[in-house]
Amino acid sequence: MLTKRIIPCLDIKDGRTVKGVQFEGLRDAGDPVALAARYALEGADELVFLDITATNQKRTTLIHLVRDVARELDIPFTVGGGISTVADVEALLLNGADKVSINSAALHRPELIDELARRFGSQCIVVAADARNNPENGWQIYTRAGTHNTERDAVAWCREAADRGAGELLLTSMSNDGTKDGFALDLTGAVARAVSIPVVASGGAGRIEHFTEVFQTARAHAGLAASIFHFGEIGIRELKEHLQAEGIPMRL
Amino acid sequence: MDIAVVDYKGGNVQSVLFALERLGVQAMLTADPEVIQRADKVLFPGEGEAASAMRELRAQGLDQVLPTLTQPFLGICLGMQLLGTHSEENDATMLGILPFEVKRFPTVPDYQVPHMGWNNLRRPRSPLFAGLREADFVYFVHSYYAPVGDYTIAEAEYPAPFSAAVQHRNFYAVQFHTEKSGPVGTRILENFLNL
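Predicted model only: the values in this text are computed from it and were never measured.

**Structural notes on the packing of helix α8 (residues 208-216) of chain A against helix α10 (residues 236-245) of chain A**
Residues and elements named next belong to chain A.
- Their axes nearest at 10 Å, the elements α8 and α10 cross at an angle of 50 degrees. The angle between α8 and α10 falls in the class oblique. For the crossing formed where α8 meets α10, the hand is right-handed. For the pair α8 and α10, the contacting residues are Ile-208, Phe-211, Thr-212 and Phe-215 in the first and Glu-238, Leu-239, His-242 and Leu-243 in the second.
- For the contact of α8 with α10, a count of residues per class yields five nonpolar, two polar and one charged.

Below, the structure is given as structure tokens:
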């Protein structure tokens, strides 16, 4: 039986792991290669690396980091941040990334999803979508690390990304990110119902029950979190054992 | 021992090279038919799209060379599918080493495509799986699959059974990413190196 996945996310800035609250106020959380190895050993099902300062001059640093991580890691990992061309994707895959996630560039030019899926196959193209719940307009998609409101409806955009060939959605609720009050169940559920590709829920995990909810109520395929793992608040094995006991299929 | 990893611009070859490196093996990444023919073992990883992969293999003349190999050969993911006769993915004609036709997973409620994540190996029955337990987990990422047949040496279910691994003579192949399947995957690679 296909299991639900638990995915630690490492936000990378200048080669270090950092974590903020609602996309701001970054705090150092350690050496990414060491963290990655630790998570793999503890039973993480996958890892996600998001380069949050991806600019042209930082690109080489990221590629080196990807290579160092890939050399150590025997589980899949996704790399995102600042990816906008076929060449960017090729460089990451050649250095050991298993999947890439694209965000702003896909909203800027949606055909990029089609092009990447055709060139590399849907299985390694993840579309990351950052959504914020606005009182008047509901869930809308933001780009450029959450600074720019595209005014696009979150569910509609996720459906388009899937139709264009994305193999997976990494759906982050900016409204929940870093709050530890739980995932955005309404948003995650609406997207999971609207598409037929896997949905990774992200933003807001603080307790074990939050994962139970996002799998059972919102039907997410994977749950992603950062700080609760980085700062040792919840152990990955402990989390997976709890979820298994609740009847959620886990790889243990 | 000379290990050749076939280079046909098929995606995540680097992951396979690193996995071999963790086992202390320095493999050669090559598209040179002579180097591949001389190697003691050949790995054929793959990720990506079937028709472009076949185009690349033809451009390098590898579509003629690979079927004639006699040393232990391990296809991975797309590298397994390419051993079949035909794929529904862009109507690609494949290498035809094994008699299966690659199909797209049907749309079934609650079964997303791609089949992505950790799933159990059912009835693993080959020296390739020595030391594994029934229902050990391995990592899959694919939208197309090979049906179960005489050549099947392990199954997985999504929701219907499909070939998780196949074998014909010296040609072994796995649909999952053995290089990304944790300690279970490492053991399978080790078993292959010991064939």
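**Brief notes about the interface of chain B and chain A**
- Counting residues at the interface gives 30 residues for chain B, matched by 37 residues for chain A.
- Overall, the association of chain B and chain A removes approximately 2,800 Å² of surface from exposure, summing both partners, and the carbon and sulfur fraction of that is 53%.
- Of all residues in chain B, Met-116, Trp-118 and Lys-180 of chain B give up the largest surface area on contact with chain A, accounting jointly for 25% of the area buried on that side.
- Our count for the contact surface shared by chain B and chain A stands at three salt bridges.
- With a shortest N-O distance of 3.0 Å, Glu-21 of chain B and Arg-71 of chain A are connected by a salt bridge.
- Here chain B and chain A share 20 residue pairs in polar contact (both at pLDDT 80 or more) between them.
- Elements with a contribution of two residues or more to the side of chain B that touches chain A: α1 (13-22), β8 (115-120), β9 (137-142) and α6 (182-193) of chain B.

**Considering the sheet that holds strand β1 (residues 3-6) of chain B**
Residues and elements named next belong to chain B.
- Taken in spatial order, the seven strands line up as β2-β1-β3-β4-β13-β12-β11 in an open sheet, and their pairing is mixed. Strand pairing shows two members of the sheet lacking a second neighbour, β2 (28-30) and β11 (152-157), which therefore form its edges. Sheet twist, expressed as the mean angle between neighbouring strand axes with direction ignored, is 20 degrees.
- Bridging between β11 and strand β12 (residues 161-168) involves five bridges; their strand directions are antiparallel. Bridged to Glu-157 within β12 is Pro-161.
- With respect to the sheet, α1 is in contact with β1, β2, β3 (41-44) and β4 (73-76), its orientation differing from that of β1 by roughly 165 degrees.

**Some words on the pairing of strand β7 (residues 101-104) of chain B**
Residue and element names in this part refer to chain B.
- Examined bridge by bridge, strand β5 (residues 86-87) and β7 share two bridges and lie parallel to one another. Residue His-86 lies in a different strand from β7, and its bridge partner there is Glu-101.
- Two elements, β7 and strand β10 (residues 144-145), share two bridges in a ladder whose sense is antiparallel. Bridged to Arg-104 within β10 is Tyr-144.

**Some remarks on the environment of His-177 of chain B**
Residue and element names in this part refer to chain B.
- Mapping His-177 onto the fold places it in the loop between β13 (171-174) and α6.
- Put simply, His-177 and Gly-46 are 131 residues apart on the chain and 9.3 Å apart in space, counted from C-alpha to C-alpha.
- Here His-177 is in contact with Asn-12, Gly-46, Glu-47, Ile-76, Cys-77, Tyr-139 and Val-141, once residues within four sequence places are set aside.

**Some remarks on the sheet that holds β10 of chain B**
- One open sheet holds the four strands; their spatial order is β6-β5-β7-β10 (chain B), and the pairing between them is mixed. Of all the strands in the sheet, just β6 (92-93) and β10 of chain B have a single pairing partner and so form its edges.

**Topic: the pattern of salt bridges**
- For the structure shown, the criterion picks out 21 salt bridges over all chains.
- In this structure, the salt-bridge partner of Lys-180 of chain B is Asp-98 of chain A, at a minimum N-O distance of 3.1 Å. In this pair, Lys-180 of chain B sits in the loop between β13 and α6 while Asp-98 of chain A sits in the loop between α3 (86-94) and β6 (99-102), so the two residues belong to two different chains.
- Assessed through its relative accessible area of 2%, Lys-180 of chain B is described here as buried.
- Of the residues examined, Asp-98 of chain A reaches a relative accessible area of 5% and is grouped as buried.
- Here Lys-99 of chain A and Glu-168 of chain A are joined by a salt bridge, their closest N and O atoms 3.1 Å apart. Placement of the pair is Lys-99 of chain A in strand β6 and Glu-168 of chain A in strand β10 (residues 168-173), with a sequence separation of 69 residues. Per residue, the accessibility class of Lys-99 of chain A equals that of Glu-168 of chain A, and both read buried.

Scoring rules and cut-offs
- Residues numbered from 1 in each chain as written.
- Chains lettered and ligands numbered in written order.
- Predicted model: local features only at pLDDT ≥ 70, side-chain atom pairs only at ≥ 80, totals over all residues.
- Heavy atoms only, no water.
- Axes fitted to C-alpha atoms, helices over the stretch in contact; angles between N-to-C directions.
- Helix = DSSP H or I, 4+ residues; strand = E, 2+ residues; numbered from the N terminus.
- Parallel < 35°, antiparallel > 145°, perpendicular 65-115°, else oblique.
- Left-handed = near helix turned anticlockwise from the far one by under 90°.
- Contact = heavy atoms within 4.5 Å.
- Nonpolar A, V, L, I, M, F, W, Y, C, P; charged D, E, K, R; others polar.
- Buried area = accessible area lost by both parts, 1.4 Å probe.
- Salt bridge = Lys/Arg side-chain N within 4 Å of Asp/Glu carboxyl O.
- Polar contact = N/O pair within 3.5 Å; in protein donor to acceptor, adjacent residues only side chain to side chain.
- Pairing = 2+ DSSP bridges.
- Buried < 20%, exposed > 50% of the residue type's maximum accessible area, 1.4 Å probe, protein only.

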